[in-house]
Amino acid sequence: MNELPQQLVNGLLLGSMYGLVAIGYTMVYGIVQLINFAHGEIFMTGAFGALTVYLYILPDGTSMLIALPLMLIGAMVVSVTVAVGAERFAYRPLRGAPRLAPLITAIGLSLALQQAVWAWYPGAKSKISFPQIEGGPFHIGSVTIQTGDIFLLVAAPVSMAILAYFVMRTRTGRGMQATAQDPDTAKLMGVNTDRIIVVAFALGAVFAAVGGVANGLKYGDIDFRMGFILGLKAFTAAVLGGIGNIYGAMIGGVVLGVAETLATAYIADVPGLDKLGSQSWADVWAFILLILVLLFRPQGLLGERVADRA
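Naming follows an unreviewed UniProt entry, where the chain appears as Branched-chain amino acid ABC transporter permease of Streptomyces violaceorubidus. If you open the UniProt record of the chain and go to Subcellular location (unreviewed entry), you find "Cell membrane". The Sequence similarities (unreviewed entry) field of the UniProt record for the chain holds the comment "Belongs to the binding-protein-dependent transport system permease family. LivHM subfamily."

(A) Just helix 11 (residues 282–296), in detail. Along its 15 residues, helix 11 runs 22 Å from first to last C-alpha, staying within 8% of the 21 Å computed at 1.5 Å per residue. Considered for burial, the residues of helix 11 that qualify are Ala 282, Ala 286, Leu 290 and Val 293. Angular distribution of buried residues about the axis of helix 11 spans 85°; they occupy a single face of the element. Projecting away from the buried face of helix 11 at angles above 90 degrees are the exposed residues Leu 295 and Phe 296.

(B) Summary view of unusual backbone geometry. Backbone geometry places Gln 33, a non-glycine residue, at a positive phi of 55°. Position of Gln 33 among the secondary structure elements: in the loop between helix 1 (4–32) and helix 2 (39–57). Assessed through its relative accessible area of 25%, Gln 33 is described here as partly exposed.

(C) Expanded view of the packing of aromatic side chains. Considering all chains together, one arrives at five aromatic pairs under this definition. Look at Tyr 25 and Phe 235: their rings are 5.8 Å apart centre to centre, the planes differ by 55°, and that puts the pair in the tilted class. Residue Tyr 25 is found in helix 1, and its partner Phe 235 is found in helix 9 (residues 226–241); the two are separated by 210 residues along the sequence. The residues Tyr 25 and Phe 235 share a single accessibility class, namely buried. An aromatic cluster is defined as three or more aromatic residues linked by ring pairs; in this entry it consists of Tyr 25, Phe 37 and Phe 235. Above the plane of the ring of Phe 89 lies Arg 88, whose end atom (NZ or CZ) is 5.6 Å from the centre. Directly above the ring of Trp 118 sits Lys 125, whose terminal nitrogen or CZ lies 4.6 Å from the centroid.

(D) Spotlight on the packing of helix 5 (residues 147–169) against helix 10 (residues 246–266). It is the contact of helix 5 with helix 10, at a shortest axis distance of 10 Å, that shows an interaxial angle of 165°. Between helix 5 and helix 10, the crossing angle belongs to the class labelled roughly antiparallel. Note on packing geometry: the crossing formed by helix 5 with helix 10 is left-handed. In this structure, helix 5 uses Ala 156, Met 160, Leu 163, Ala 164, Val 167 and Met 168 to contact helix 10, whose residues at the interface are Ile 246, Tyr 247 and Met 250. In the contact of helix 5 with helix 10, the residues fall into nine nonpolar, no polar and no charged.

(E) Representation of the packing of helix 1 against helix 9. For the pair helix 1 and helix 9, interaxial distance at closest approach is 8 Å and the crossing angle is 75°. Considered as vectors, helix 1 and helix 9 are oriented roughly perpendicular to each other. Residues Met 17, Tyr 18, Val 21, Ala 22 and Tyr 25 of helix 1 pack against Leu 230, Gly 231, Leu 232, Lys 233, Ala 234, Phe 235, Ala 237 and Ala 238 of helix 9. Residue composition of the contact of helix 1 with helix 9, grouped by class: 11 nonpolar, one polar and one charged.

(F) How the structure looks around the pattern of salt bridges. This model, assessed by the stated rule, comprises eight salt bridges. Ionic pairing is found between Asp 149 and Lys 218, a salt bridge with its closest N-O pair at 3.3 Å. Pair noted here: Asp 149 is in helix 5 and Lys 218 is in helix 8 (residues 193–219), with a separation of 69 residues, a long-range link. Among the salt bridges present, the one from Lys 233 reaches Glu 260, with a minimum N-O distance of 3.0 Å. You can see Lys 233 sitting in helix 9 and its partner Glu 260 sitting in helix 10, a full 27 residues away along the chain. By relative accessible area, which is 5% here, Lys 233 ends up buried.

Rules used in this analysis
Residues numbered from 1 in each chain as written. Predicted model: local features only at pLDDT ≥ 70, side-chain atom pairs only at ≥ 80, totals over all residues. Heavy atoms only, no water. UniProt positions renumbered as here; feature names shortened; annotations may be inferred. Helix = DSSP H or I, 4+ residues; strand = E, 2+ residues; numbered from the N terminus. Expected span 1.5 Å × (residues − 1). Buried < 20%, exposed > 50% of the residue type's maximum accessible area, 1.4 Å probe, protein only. Arc of directions from axis to C-beta. Phe/Tyr/Trp six-rings, centres within 6.5 Å; stacked < 30°, edge-to-face > 60°. Lys NZ or Arg CZ within 6 Å of the ring centre and 35° of its normal. Axes fitted to C-alpha atoms, helices over the stretch in contact; angles between N-to-C directions. Parallel < 35°, antiparallel > 145°, perpendicular 65-115°, else oblique. Left-handed = near helix turned anticlockwise from the far one by under 90°. Contact = heavy atoms within 4.5 Å. Nonpolar A, V, L, I, M, F, W, Y, C, P; charged D, E, K, R; others polar. Salt bridge = Lys/Arg side-chain N within 4 Å of Asp/Glu carboxyl O.

Okay, here's the thing in structure tokens:
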């Protein structure tokens, strides 16, 4: 059990990344009742946007202390552009359609974005190295934290704090809460619901972009398929926490990340279950957890609190 603190930290880091992406799912669902299955690809395009800034805009040899903020801006610009474009041209025309239509559209958009990056981005047919922060690793007692994880440790709580302030304290945030609770009444009270929906897509894309950069720093490479499985896990995290609940999305992500990490680390030590603890089974345990939650607590860990949906 000496490695338990390390596994808990690994799970916290993984779960924080799931939570950053899950926020986008839950914000959009909370307002327009849409599961945006293309959100994983918005996460992916953000990572490629950051890499583009580093490879093609910044001079060679630029320090990561200077490059990282500019890469974040590039990632956010690309992700927000893709998300807002998807809302305007793919989802808005289907807003009054049966729910199956935008769902199928989201799946089609997900595949289209994957293939677009695969076909047009130089070198995207294989994994591409992502620039790394120099230094480290850092040791705190028995816990080792890699340099690439430092960004995620800082970005996840800061992003959550900014989102909480925005939703609870700003005029637009209160408009998002009103639209989530009753869009027709909010429109009668003067809330521009179309604008609110665009803001929800854009905010979700910003957090997905942060997650995309964090993924590249953590694992050292990116590829055009990276958003598919992670997007499904982020959706799982959103359901786990209570889809429509912005705080539940982050909590669900952390719970999922810790559960996945512990299952991978310890199930292999159980006699007869050694094969079930391999890394290839990590995805399986994540979805088993989802099935259990849907069976015994379908509203999620925190439930769907309408007043906080955004």
